[in-house]
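Spelled out from the first residue to the last, the chains are:
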Amino acid sequence: MPVQYENVVEMKGITKEFPGVKALTEVDLEIRPGEVHALVGENGAGKSTIIKILMGVYTKSSGQIRVEGRKVEIKSPLHAQELGLGAVYQDVNLAQHLSVAENFFMGQMPKNKLGMIDYQRMYLETKEIMDSMEIHVDPRIIVGSLSVAQQEMVTIGKMLHRKAKLVIFDEPTALLTNDETEQLFKIIHMLKEKNVGIIYISHRIEEIFHICDRATVLKDGVKVDTVCTRDITESDLISMMVGRDVADMYEIEHEKPGEVILKVENLTRKEAFKNINFEVKKGEIFGLFGLVGSGRTEIVRSIFGADLKEEGNVYLYDEKADFTSPSQGIHAGLALIPENRKEQGIALGLSIATNTNMVAIDKITRFGVINNKKGIEVAEKFREKLRTKAPTVHQLVKNLSGGNQQKVVISKWLAKGSDIFIFDEPTTGVDVGAKMEIYKIFETLIKEGKTIIIISSYLPEVIGLADRMLIMYEGRQMSILQREEFQDEKILRLASGIQ
Amino acid sequence: MSVNTQKKDINRLRLFSGSLKTELFLVIILIILFVVFSTTSDVFFKFDNLKTLLRQTSIYGIVAIGMLFVITSSGIDLSVGSVIGLSGVITAICLSRGLPLPIAIILSLVLSAAVGLVNGALVHDGKVPPFIATMGTMTVVRALIMLITGAKMISGLPKAFKGLAQMNVIGLPFLFVAWFIIILIAWFITKKTVFGRNIFAYGSNKEAARLSGINVRTTIYGVYIFSSVICGIAGILLTARLGNGVPTAGDGYELDAIAAAVVGGASLDGGEGSVIGAVLGAIIMATLRQGGTLLGINSFILEIIIGSLIVIAVLLDKMRKH
């Protein structure tokens, strides 16, 4: 039968209104079979609203949706699945306690003659699909015991099994290592060959140019344009997203580093890292680069006092600084902006003011009594300084965007007046505009004589910002490079364990 | 500029009313209950009856405040009923042997605090889930009471002590005044002290609280000891009211206390809850019981109504928040 439609999915004039807000205005989006189509825009541009409409989570206010040429009204997530639309989210949606095969067949388990579940068939079919993806995972294994990357692959396999016509990838590489990312891209190519349409969402511009054919840019709920990625440059795309010309976003003013203030000697925690040695100078931006799981986070947590180290010493201003609890580290002037904001950085159910004063509560307390008025003033001051977007500091943090939440975490430490700021993956889930603002905060911090340690698995970020960088591989310190020595290839080689 | 400040004021007002909404909603329920009961029963609104109501509510209400602290820290304390029994029995034993009241009180409260200390240690250092830890102490403490008393009531308490429960202070029942003082203290702790703030911070996000330098041990030990000491006080007051040391006293109070806190807007996930809400929750439950009994409603039907009310109140609150 000849193909009678041009697009797998066609959205026309989609508008979505929430009480008081228009999230989308007359947006068009067309996905061709076998195409990888990027959906880009800052946080709040309307990307996730579109996706949620497609996946049946929201219903559109007006507009038309066609799937394979047929007009449809997507009523529920289940309906979306039946239409052949599927999504891979960064936080994987699988039943963690069930096996791979059980996840594949959830809701449609095959039965044998006796009316019992036909496990043999389930395992066989699951294995076939996983093999076709060149992923070698036992169908009987419990999903919870797999790595994030493997779980992502299982989700994709599940969609293949359900014969999805359109697969949406929402920040799929956020938690993957470079190798795993490559593997994912291979699988995306395979999906392309099967004529599956793909929507790809990522904050990593480089990836979009690497893998996507076309890109639709959204800004403030309106479609800016749909472009072929061949025809434009990265900075063109960013300008379209933010609506202004962007110079190099990593271009910040550096300070001349002063004396050594943090010294780490033979730091060891056997499970996580071994024999780590480095020095950080005052006013410096010191990078810690390595793949996820290479021990970067664990090192700073040990320095900070959040985890215990086994061997080695830490010196702050030439004094021994072997901290066994975060409060000791904080007292000595360390600040940790942790990698997992929602789980470690911030209390989502509490207000901006309460979060801002969480560390430096003693500054607004007299004789054990909190001065709430003063607390609000402090929060207000940092809200203005960091330009956190919120109507008042009484706003609950859960109602803020990722970038603004991150600013609240930072203001917590600014209120404390810490000296050494440790940023662990500071820009995950943060849009381009807010990213640049966070880098501006870096500039302000070092200008004020503070010191920064930044951990990132996003190479352009560390290369762009750091004065020096320590590279880790599987708990080992590979090298410390000066800014002049920063080269993508060299760094990646070291981070993969090749000297 | 003035438009801007006006806007700010409106926002502030809106947020203020937002935080008060649960309480407002509870006050409305309470008013409805009062109207219904006063029109259907001619004794309900009598001063004497209201005083009895306050006396009865007070002890539950005190326990509910301790429970509120624990729930806000994302824990739960099932041992409250047993601690009430323990403290009551210890007070009764002391007094019946002729020891002075202050010593009896101190001894009861110290032993109550010890139970809280064990709970705190199990939850913080032992990493035992609060439900299990406090279920354990609930069972053990109740059994200890039975062993100490031989499961027999302790009588022969001094008249002056029994009189406490009937005493009035500036025209109000002493029990209610005691509750009121505890409400004030608890309100002050949640709003104005670092310990109070830390309970919310820890309840809302444990790891963020720890990485922010909050002393997690003090916070957890603090809430469980606070809850137990509060129950110790409730136990002494209950003994005065009953006139005897009753080994089974306080049995089942944990569920009423949890209900009061939750009806009052506290979330079992932690990080959310208010003292005023828990107080209103306790008053509503007691009013239903008292009013229903006065009206001669079948007690089983009354329990059906109360059980439904708990669920409906929480359902409505959830719907309002989303």
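For clarity, every value in this text was computed on a predicted model and none was experimentally measured.

What follows covers the pairing of strand 9 (residues 214-219) of chain A. Residue and element names in this part refer to chain A. The element strand 9 is extensively covered by neighbouring structure, given that five of its six residues are classed as buried. With four bridges joining them, strand 3 (residues 36-40) and strand 9 adopt parallel strand pairing. Considered in strand 9, the bridge of A38 is made with A215.

We now examine helix 8 (residues 234-242) of chain A. Listing the buried residues of helix 8 of chain A in full gives L237, I238, S239, M240, M241 and V242 of chain A. If you follow the buried residues of helix 8 of chain A, they end up packed against strand 3, helix 7 (205-211), strand 9, strand 10 (222-228) and helix 15 (432-447) of chain A.

With that settled, consider unusual backbone geometry. Although it is not a glycine, E425 of chain A sits at a positive phi angle of roughly 50°. As for its position among the elements, E425 of chain A is in the loop between strand 19 (420-424) and helix 15.

Attention shifts here to the interface of chain A and chain B. Each partner contributes residues to the interface: chain A has 33 residues there, and chain B has 21 residues. Both sides of the chain A and chain B interface together cover about 2200 Å² of buried area, and 57% of this is carbon and sulfur. In this assembly, chain A and chain B are joined by one salt bridge. R301 of chain A is paired through a salt bridge with E207 of chain B; the nearest N and O atoms lie 3.3 Å apart. Applying the counting rule to chain A against chain B returns ten residue pairs in polar contact (both at pLDDT 80 or more). When contributions to the side of chain A that touches chain B are tallied by element, the ones reaching two or more residues are helix 9 (296-304), helix 10 (326-331), helix 11 (341-345), strand 18 (369-370) and helix 14 (402-416) of chain A. By residue number, the principal contributor to the side of chain A that touches chain B is helix 11 of chain A, which donates four residues.

Next up on the list: the domain arrangement of chain A. Frequently, the measure chosen for interface size is the accessible area removed from exposure when the parts meet. Residues and elements named next belong to chain A. Once the domains are mapped, chain A shows domain 1 (9-242) and domain 2 (260-495). Computed over C-alpha atoms, the centres of domain 1 and domain 2 are 33 Å apart. Facing the eleven residues of domain 1 at the interface are eleven residues of domain 2. With three residues, helix 8 is the single largest residue contributor to the side of domain 1 that touches domain 2. Taken together, the residues of the side of domain 1 that touches domain 2 sort by class into four nonpolar, four polar and three charged.

Now for the sheet that holds strand 12 (residues 273-281) of chain A. Residue and element names in this part refer to chain A. Pairing is antiparallel in the open sheet, where four strands are placed in the order 12-11-14-15. Each of the sheet's edge strands pairs with one partner strand only, and the pair in question is strand 12 and strand 15 (319-320). Together, strand 11 (260-269), strand 12 and strand 14 (311-316) form the strand contacts of helix 9, whose direction differs from that of strand 11 by roughly 115°.

What follows covers the state of the cysteines. Residue and element names in this part refer to chain B. Applying the stated criterion across every chain yields a total of zero disulfides over all chains. C231 forms no disulfide, and the closest cysteine sulfur to it belongs to C94, at a distance of 19 Å. What makes C231 buried here is its relative accessible area of 0%.

Moving on, we come to the packing of helix 3 (residues 80-96) of chain B against helix 5 (residues 130-149) of chain B. Residue and element names in this part refer to chain B. In the contact formed by helix 3 and helix 5, the axes pass within 8 Å of each other and the chain directions differ by 25°. Considering their axes alone, helix 3 and helix 5 lie roughly parallel with respect to each other. Once helix 3 is placed against helix 5, the crossing between them reads as left-handed. Residues G81, S82, V83, G85, L86, V89 and I93 of helix 3 lie in contact with helix 5, whose contacting residues are M138, V141, R142, I145, I148 and T149. Each residue belonging to the contact of helix 3 with helix 5 can be placed in one class, and the counts come to eight nonpolar, four polar and one charged.

What counts as what
Residues numbered from 1 in each chain as written. Chains lettered and ligands numbered in written order. Predicted model: local features only at pLDDT ≥ 70, side-chain atom pairs only at ≥ 80, totals over all residues. Heavy atoms only, no water. Buried < 20%, exposed > 50% of the residue type's maximum accessible area, 1.4 Å probe, protein only. Helix = DSSP H or I, 4+ residues; strand = E, 2+ residues; numbered from the N terminus. Pairing = 2+ DSSP bridges. Contact = heavy atoms within 4.5 Å. Buried area = accessible area lost by both parts, 1.4 Å probe. Salt bridge = Lys/Arg side-chain N within 4 Å of Asp/Glu carboxyl O. Polar contact = N/O pair within 3.5 Å; in protein donor to acceptor, adjacent residues only side chain to side chain. Domains from an automatic or database assignment. Nonpolar A, V, L, I, M, F, W, Y, C, P; charged D, E, K, R; others polar. Axes fitted to C-alpha atoms, helices over the stretch in contact; angles between N-to-C directions. Disulfide = S-S within 2.5 Å. Parallel < 35°, antiparallel > 145°, perpendicular 65-115°, else oblique. Left-handed = near helix turned anticlockwise from the far one by under 90°.

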